[in-house]
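Each chain, letter by letter, is given below.
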Amino acid sequence: MRTTLAAASAAVVLGSMLAAPSAVNAPPPAFKETRAERDARMAWWRSARFGMFIHFGLYSTPAGVWDGKDWPGVGEWLLTNAKADPIAYQKTLVPQFNPVKFDAKQWADIARDAGMQYVVITTKHHDGFALWNSAVSDYDVMATPFKRDIMKELSDAVRADGLTMCWYHSIMDWHHPDYQPRREWDKRPVDPASFPRYVDYMQAQLKELLTQYGPIGILWFDGEWEGTWNHDWGKKTDDFVRSLQPRIIVNNRVDSGRAGMEGFSADEKSRGDYGTPEQTIPPNGMPGKDWETCMTMNDTWGFKASDHHWKDAREMIRMLCDIASKGGNFLLNVGPKGDGTIPQESIDRLKRMGEWMKVNGTAIHGTEASPFPRKFQWGRITQGVGPLSGRESTTLNLLVFEWPKDGTLRLPGIGNEVLPVASVLGAPDRKPTVARDADGIVVSNIGAAPVDADATVVQIAIAGKPQVEPFMVKANSLGLIACTAADAVVTGSIQYEDRFQNLGWWRDTASTASWDIVVPADGNYQVSVDYACNGTCGGDFEVSIVDVDNGGSSQITQNLPPRKDWGDFKTVQVGVLPLKAGHHAVTVKAASKPGESFINLRNVTLRRVE
Ligand code: FHN
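Everything quoted here is computed from the prediction, not taken from an experiment.

### Describing the overall build of the protein chain
- A tally of helices and strands in the protein chain yields 10 helices and 28 strands.
- Along the three orthogonal principal directions, the C-alpha set of the protein chain runs to about 90 × 55 × 50 Å.
- Looking at the protein chain as a whole, 57% of its 610 residues qualify as buried.
- Sequence separation of at least 24 residues holds for 73% of the intrachain contacts in the protein chain that already meet a minimum separation of 6.
- Only carbon and sulfur atoms are counted for the fraction: they give 54% of the accessible area of the protein chain, which is about 24,100 Å².
- Looking at charge distribution, the protein chain has the averaged site of its 65 positive side-chain charges lying 1 Å from that of its 73 negative ones.

Now the structure itself:
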């Protein structure tokens, strides 16, 4: 039985007045699981590494234009960007929504052929419109000329292609009369609004989505940031969703604060199975946590006709490699047009990514983060199941962006025996040589040029699980101990930047860069730093050195004055420290709160002085 939105609201009022047990009032059992159960539940998602995000809805038709104006901001926020009255938005766009070229199989095939293994679509975005046949609202796809259940057609096609269907669902709802807070331009009376009634309505729709469309891989909540949503609602909704599909994965936006990354967190501070960095890749990943970067291909999630700022395929292939090397997933967005077609620019990029994944997918799917705490200037590393059945072994996928001129890749700081199994993906005729030297593993004979300029994968294998030792920076033939940006282990906001081969994005006093060094002989060592910054940055630079072999530590701080700009590098002496021969840990940080950023650091050097 279909009802109008007003009638649905009245029914909900009556229902709650009769204390009929609603989804929220009769809480399901609290969600609990062991670590092993959680790992089993997360396994498919951790292995998938790459998924398609789809933002599709009423906003896809106007494509950023309202009242004849192309409004700034993302396409799916048109109601808010244009400060449109929610009912006028409904009355205007519902009759226009008719994606006659929508082809669920085509969408699923594009995702599959790109190497994506799951699809997350907006069942309901912030504008409140339901993209499926909802019995509790007349503001749904059945009220449009299209009258087809898009969620049904897409879930069937996605599963037919062997992918996992997942739902995005917005907590924030600019249209529903019970959602609060109202948009300030929304003149509807606030008094009758009841947030608990809205949550009942939202959970009634979630129940439709989780009981009528088969197994759902992820519930991707969003719009949790307004003050009316809190941990209590998040916990109840998380428990409710999991009571309907116990194996479902729920992102951390089910709860306020986006802090959850442990599923059922024993301390109950925040719910959610994984972190959801948006439009960014955490510089050092989220060690030990599950996380997924979601990103647009241009600058908008929902289609916007005027947005032509497309990322190129190489950039997105290297993002996928970078994310996988940090143990994360990549949820890459497409925003179909109002006619139901995916923009050709998206199709072309995903086709290229699919060509790359066809050759190199084993270096992404089913892999884990690099075992090395440091980065390598030439590219990224993932680790996978080794080639030796019966005997424990590990495959190391060397994802090479910058092909070495000497045809040699060096992996210092790893102690494992190398196995005589190596290949260059896409070039079966190449037979790399893998050996060990005093510092670690050396891979040579990989060919004079890359197989794929976007990224070429060199696969090697080691016995056992990686035994990564701290990479030790040693004095060169001139007696200089050069701690470079590429060899640093960084924490916090600090990121390696190819531009000047520097550490940048140094935002606070907590972020650090560190190196393990070998001091060749007792003596006094001159410490210098090669840095740049603009006219308003710089500040107090602190160097701490811990004598790992003999115990004890020393520290110097030097103010680094502003420079002309972020490329204006200068090497300055920081001070002299007495050091004993042996293993030391060097750590540098901003000792004073930086401005917009602290410095760009290219290296810290130590030289023995008489
Ligand atoms: O406001 C939404 C936005 O429209 C889009 O859906 C993104 C995708 O992650 N989430 C919210 C912004 O964080």
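### Details of empty space enclosed by the protein
- Throughout the structure, instances matching the rule amount to 4 cavities of 30 Å³ or more.
- Roughly 60 Å³ of volume is contained in the largest cavity.
- Together, 13 residues line the largest cavity, and Asn298, Thr300, Trp301, Trp310 and Gly335 are the ones closest to its centre.
- Looking at side-chain class alone, the lining of the largest cavity contains 6 nonpolar, 6 polar and 1 charged residues.
- A volume near 40 Å³ is recorded for the second largest cavity.
- A breakdown of the residues in the lining of the second largest cavity according to their chemical character gives 6 nonpolar, no polar and 1 charged.

### With respect to the state of the cysteines
- Summed over all chains, the structure comprises 0 disulfides.
- Not engaged in a disulfide, the cysteine Cys166 finds its nearest cysteine sulfur in Cys294; these two sulfurs lie 14 Å apart.

### Quick word on the site of the ligand
- Neighbouring residues of the ligand: 15 residues in total, closest His55, Glu76, His126, Asp222 and Glu278.
- A distance of 2.6 Å is found between an oxygen atom of the ligand and a side-chain nitrogen or oxygen belonging to Glu76.
- Within the contact set of the ligand, an oxygen atom lies 2.8 Å away from a side-chain nitrogen or oxygen of His125.
- Looking at side-chain class alone, the shell around the ligand contains 7 nonpolar, 3 polar and 5 charged residues.

### Structural notes on the pattern of salt bridges
- Counted under the stated rule, the structure contains 41 salt bridges.
- Notably, a salt bridge pairs Arg197 with Asp178, separated by 2.9 Å at the nearest N-O pair. Residue Arg197 is found in helix α7 (residues 195-211), and its partner Asp178 is found in the loop between β5 (164-170) and α7; the two are separated by 19 residues along the sequence.
- For Arg197, a relative accessible area of 13% puts it in the buried group.
- When the shortest N-O distance is used, the salt bridge between Arg182 and Asp186 registers 3.7 Å.
- Given a relative accessible area of 6%, Asp186 falls into the buried group.
- A network of salt bridges, in which partner residues are shared, links Glu33, Arg35, Arg38, Asp39, Arg41, Arg46, Asp238, Asp239, Arg242, Arg271, Asp273 and Asp290.

### Some words on the packing of α7 against helix α8 (residues 231-244)
- Closest axis-to-axis distance for the α7/α8 pair is 10 Å, and the angle between their directions is 25 degrees. Classed by the angle they form, the pair α7 and α8 counts as roughly parallel. The interaxial crossing formed by α7 with α8 has right-handed handedness. Contacts between α7 and α8 pair Phe195, Pro196, Val199, Met202, Gln203, Leu206, Lys207, Leu210 and Thr211 from the former with Trp233, Lys236, Thr237, Phe240, Val241 and Leu244 from the latter.
- Considering only residue class, the contact of α7 with α8 consists of 10 nonpolar, 3 polar and 2 charged.

### Focus on the packing of helix α5 (residues 104-113) against helix α6 (residues 150-160)
- Following both chains from N to C, one finds α5 and α6 inclined at 40 degrees, their axes separated by 8 Å at the closest point. Between α5 and α6, the angle falls in the class oblique. In the packing of α5 onto α6, the handedness of the crossing is right-handed. In this structure, α5 contributes Ala104, Lys105, Trp107 and Ala108 to the contact, and α6 contributes Glu153, Leu154, Ala157 and Val158.
- In terms of residue class, the contact of α5 with α6 is made up of 6 nonpolar, no polar and 2 charged.

### Let's talk about the pairing of strand β25 (residues 553-560)
- Two elements, strand β24 (residues 539-547) and β25, share 8 bridges in a ladder whose sense is antiparallel. Note on β25: the bridge partner recorded for Val546 is Ser553.
- The turn joining β24 and β25, which pair antiparallel and follow one another in sequence, is formed by 5 residues; a positive phi near 80 degrees is taken by Gly551.

Basis of the calculations
- Residues numbered from 1 in each chain as written.
- Predicted model: local features only at pLDDT ≥ 70, side-chain atom pairs only at ≥ 80, totals over all residues.
- Heavy atoms only, no water.
- Helix = DSSP H or I, 4+ residues; strand = E, 2+ residues; numbered from the N terminus.
- Buried < 20%, exposed > 50% of the residue type's maximum accessible area, 1.4 Å probe, protein only.
- Contact = heavy atoms within 4.5 Å.
- Areas by Shrake-Rupley, 256 points an atom, 1.4 Å probe, with all protein chains shown as cover.
- Lys, Arg positive; Asp, Glu negative; His and termini not counted.
- Charge placed at Lys NZ, Arg CZ, Asp CG, Glu CD.
- 1 Å grid on protein atoms, 1.4 Å probe; cavity = no way out; pocket = protein on both sides within 12 Å on 5 of 7 lines; lining within 4 Å.
- Points joined across faces, edges and corners; volume = space filled by probe spheres on them.
- Nonpolar A, V, L, I, M, F, W, Y, C, P; charged D, E, K, R; others polar.
- Disulfide = S-S within 2.5 Å.
- Near = heavy atom within 4 Å.
- Polar contact = N/O pair within 3.5 Å; in protein donor to acceptor, adjacent residues only side chain to side chain.
- Salt bridge = Lys/Arg side-chain N within 4 Å of Asp/Glu carboxyl O.
- Axes fitted to C-alpha atoms, helices over the stretch in contact; angles between N-to-C directions.
- Parallel < 35°, antiparallel > 145°, perpendicular 65-115°, else oblique.
- Left-handed = near helix turned anticlockwise from the far one by under 90°.
- Pairing = 2+ DSSP bridges.

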